[in-house]
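# Structural characterization, general
Next come the chains, spelled out residue by residue.
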Amino acid sequence: MNNSETHHHMISSFTISNFKAFGPAQTIPLKPITLIFGPNSAGKSSILHSLLFAHESLRTGNLDVRQTELGGQSVDLGGFQQLTHRCNPDNTVTLAFHLPKLSGEKSLGWELENIVIRATLQMQKSMLSSGDKALDELLGEPGVHFVDQSSADTVRILERFLADRISGEGATPILRRFEVEVGGEVLVQASRRAERGMKIDRFATHHPTCRQFIEAIVLANSTTQNFDEADADVVAKALDEMLPEIELDEYGFLARSKRRTLADLALKTDFAPIEKERRAETLRGHARQFLPRLINGLFDLVSGALENFFEKLDYLGPLRSYPPRHLSLDAITDSGKSEGMDAWRTVLRDAKIRDKINRWLSSEFLTTRYELGVNSLVPLHLAAEALETEFSDIVNERAAQHDEDRENSGTPESDERFYAPYSCGQWDTPELFRRMLWQIIQRSSRSAVPELTLMDKRTGTFVSHRDIGIGVSQLLPVLVKAYAKQGSVVAIEQPEIHLHPALQAELADVFIESALGDQKNTFLLETHSEHILLRLMKRMRQTHEQSLPKGTCPITPNDVSLLFVSPGPEGSVVQDIGLNERGELVKAWPGGFFEEGLNEIFD
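Notes on the structure follow. (Residues numbered from 1 in each chain as written. Predicted model: local features only at pLDDT ≥ 70, side-chain atom pairs only at ≥ 80, totals over all residues. Heavy atoms only, no water.)

### A closer look at the overall build of the protein chain
A count of helices and strands for the protein chain gives 16 helices and 19 strands. Counting every position in the protein chain, which comprises 603 residues, the buried fraction comes to 48%. Long-range pairs, those at least 24 residues apart, make up 69% of the contacts in the protein chain with a sequence separation of at least 6. Total accessible area on the protein chain is roughly 30,000 Å²; 50% of this is exposed by carbon and sulfur atoms. (Helix = DSSP H or I, 4+ residues; strand = E, 2+ residues; numbered from the N terminus. Buried < 20%, exposed > 50% of the residue type's maximum accessible area, 1.4 Å probe, protein only. Contact = heavy atoms within 4.5 Å. Areas by Shrake-Rupley, 256 points an atom, 1.4 Å probe, with all protein chains shown as cover.)

Below, the structure is given as structure tokens:
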């Protein structure tokens, strides 16, 4: 089993059509590391934004998505009409997700292979918007004819109707159709009915997968010893009769079974006697018991798989925040995940993640080596109270001891030596400082504020990230995503931004470790970095030649998807370039492999 098959997400690819830059359907193969290249404004970001849209629609149940939880301020989709291809409200947006395999609970037993879950979305323009209702009443009123429609009211109604239809106001994005395809054949299809919601149009009981499963249920839960074509026809007819009774929920781009109690959804396993003389009738009654639960189980299985995938989705935008000079928890806001601010909180709180990043920052390939640490900041008023209290206690202890010593020695109070113990030369200064510091720690430990620090290991100097250039502040969120996530799908736009070419190459090794090591993350990287790609190609060649550096994860063509997005007359096109076992391009790079540098030198 290759590394890509062991990843949690189960989705091998997804297809989008009529979404932003994409017109005709384009498929994006999804592997542990997916690199998305292409010129500016070609549509690379549209691939990631389609996932943000799907995530937000499942989070809220809303298809008219503008800003998203994951994208924050970095992504504004502008609403459903704005994200349709060429902003055409008549375009239907399609999202399809390809899964190699799905297994359901034993009680419902679905075992599916080569699955496609497809949702068709479109704007539904209301025929009864603010102007339409009046128009409908006007045209439907007895005795009113078009020959009389020169009145101001009629013109106003018609103008409002046309304006609404053209602008899309009053229109609502809906899930028009939802289908599950198994083994290249449609197993179930549901569609939106005007007033009845989402209903099942077709459930293929004669589909090989469904037929095999139904046969197993009938044989296991009835007295019959065989199941033939005539029996399959009886079950199919029973299902056709029941389809209008089965209700589905719409939530975002998913059609799901109506939520019921677990007891209601549990598959009955009581034995059903199949009478020989009344075989068709008794089999039909048995089918009516298990078919609704069978269908519910299928919808729960496929919707659950996609919900699980999108729960694991994370995103980092191309413009990362530049945090304030002094980084404490109070200075880090809860917002701005896509801008990387949550990464600084993680580094501040999680010592294990901080250690991993420190090992990377102290590596030999960095000419300037830094180390992250945490200092405790004590509120000034607590420190002042602690110092005052401890100093007072020390003075009182000293005075009491002096009085006891004087009495024992018989020295009169008028003797000037009485004041000597309070002179600076008589104090144990180190002990005094230790006691006062300990008092500060004791009194303020619960109120101390942790602050992230950065030490230049060459000089031992503590500096701020503001003192060492913007590169580290842009890099750190990428490292945190790679080191802190487990089994996640991490989409990053321009991970290489503000990084030296050598560091870009080293960053590729971070992605390899995070994707193919124990963490099993999946990366979708929208990038312009040839250095990241060249390092991946190098590691692939070394894997093939068995010459990998010690501690580096092996990487094969099954682990990398190399895509190039280019604009076309009908919409952007995604080309799967591919790599062989030696890390060489399988197809010619569009326009030549990063030839810009050579062109500048030799042209």
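### Section: the sheet that holds strand 18 (residues 560-566)
In a beta sheet, neighbouring strands pair by backbone hydrogen bonds and run either parallel or antiparallel. Taking strand neighbours across the sheet as the criterion, the 6 strands line up as 11-16-17-3-18-19 in an open arrangement whose pairing is mixed. Where the open sheet ends on each side, the last strands, each with one partner, are strand 11 (313-316) and strand 19 (573-576). Each neighbouring strand pair of the sheet contributes to a mean axis angle of 20 degrees, computed without reference to strand direction. Along the sheet, helix 15 (residues 530-545) contacts strand 3 (33-37) and strand 18; its crossing angle with strand 3, the most-contacted strand, is approximately 140 degrees. (Pairing = 2+ DSSP bridges. Axes fitted to C-alpha atoms, helices over the stretch in contact; angles between N-to-C directions.)

### Some details on empty space enclosed by the protein
Here the structure, examined in full by the defined rule, presents 1 cavity of 30 Å³ or more. Taken as a whole, the largest cavity holds about 30 Å³ of empty space. Lining the largest cavity we find Ile357, Leu361, Val472, Leu475, Leu476 and Leu479. Top element by residues in the lining of the largest cavity is helix 13 (residues 471-484). It accounts for 4 residues. (1 Å grid on protein atoms, 1.4 Å probe; cavity = no way out; pocket = protein on both sides within 12 Å on 5 of 7 lines; lining within 4 Å. Points joined across faces, edges and corners; volume = space filled by probe spheres on them.)

### Here we look at the pattern of salt bridges
If charged atoms from side chains of opposite charge come close, those side chains can pair. Under the criterion given, the structure shown has 22 salt bridges. Here Arg193 ties to Asp201 by a salt bridge, and the two come within 2.4 Å at their closest N and O atoms. Take Asp201: its relative accessible area is 32%, and that puts it in the partly exposed class. Salt-bridge contacts for Asp509 lead to Arg539; the nearest nitrogen and oxygen are separated by 2.8 Å. With Asp509 in helix 14 (residues 501-516) and Arg539 in helix 15, this residue pair connects regions lying 30 residues apart in the sequence. With respect to class, Asp509 is no different from Arg539; both count as buried. Connected through salt bridges with shared partners, the residues Asp314, Asp342, Lys481 and Lys485 form a single ionic network. (Salt bridge = Lys/Arg side-chain N within 4 Å of Asp/Glu carboxyl O.)

### A closer look at the nonpolar core
Core analysis: the biggest nonpolar cluster contains 87 residues, and Phe53, Phe97, Trp110, Leu121, Phe203, Phe253 and Leu291 have the highest contact counts within it. Among the elements that make up this core, the one with the highest residue count is helix 8 (residues 279-311) (14 residues). In terms of nonpolar packing, the next biggest core, distinct from the first, is built from 50 residues, Leu35, Leu479, Ala508 and Ile577 among them. (Core = buried A, V, L, I, M, F, W, Y, C linked by side-chain atoms within 4.5 Å.)

### Some thoughts on helix 8
Across its 33 residues, helix 8 extends 47 Å between first and last C-alpha, which sits within 8% of the 48 Å expected from 1.5 Å per residue. When the local axis directions of helix 8 are compared, the greatest deviation, roughly 30 degrees, occurs at Phe290, which is followed within four positions by the proline Pro292. (Expected span 1.5 Å × (residues − 1). Bend = angle between axes of the 7 residues up to and from the residue.)

### A few points about the environment of Arg288
By the element assignment, Arg288 lies in helix 8. Separated by 53 residues in the primary sequence, Arg288 and Val235 place their C-alpha atoms 8.4 Å from one another. The residues contacting Arg288, other than those within four sequence positions of it, are Ala238, Glu241, Met242 and Glu245. Polar side-chain contacts of Arg288 include one of 3.5 Å to the side chain of Glu245. (Polar contact = N/O pair within 3.5 Å; in protein donor to acceptor, adjacent residues only side chain to side chain.)

### Some words on the pairing of strand 4 (residues 93-103)
Extensive coverage of strand 4 is indicated by the burial of 8 of its 11 residues. Where strand 1 (residues 13-17) lies against strand 4, 5 bridges are found, and the strand directions are antiparallel. Bridged to Phe14 within strand 4 is Phe97.

### Topic: helix 6 (residues 229-242)
Between its terminal C-alpha atoms helix 6 stretches 20 Å, which fits the 20 Å expected from 14 residues at 1.5 Å a residue. For helix 6, the full list of buried residues reads Asp231, Ala232, Val234, Val235, Ala236, Ala238, Leu239 and Met242. The N-capping residue of helix 6, defined by a side-chain oxygen 3.2 Å from the backbone nitrogen of Ala230, is Asp228.

### Some points on the packing of helix 9 (residues 341-349) against helix 13
Think of two packed helices as two axes; the pair is described by the angle between the axes and how far apart they sit. Running from N to C, helix 9 and helix 13 cross one another at 65 degrees; their axes reach a closest spacing of 9 Å. When the interaxial angle is binned, helix 9 and helix 13 end up roughly perpendicular. Viewed along their axes, helix 9 and helix 13 form a crossing whose handedness is left-handed. Here helix 9 contributes Asp342, Ala343, Trp344, Thr346 and Val347 to the contact with helix 13, which in turn contributes Ser473, Leu476, Pro477, Val480, Lys481 and Ala484. In terms of residue class, the contact of helix 9 with helix 13 is built from 7 nonpolar, 2 polar and 2 charged. (Parallel < 35°, antiparallel > 145°, perpendicular 65-115°, else oblique. Left-handed = near helix turned anticlockwise from the far one by under 90°. Nonpolar A, V, L, I, M, F, W, Y, C, P; charged D, E, K, R; others polar.)

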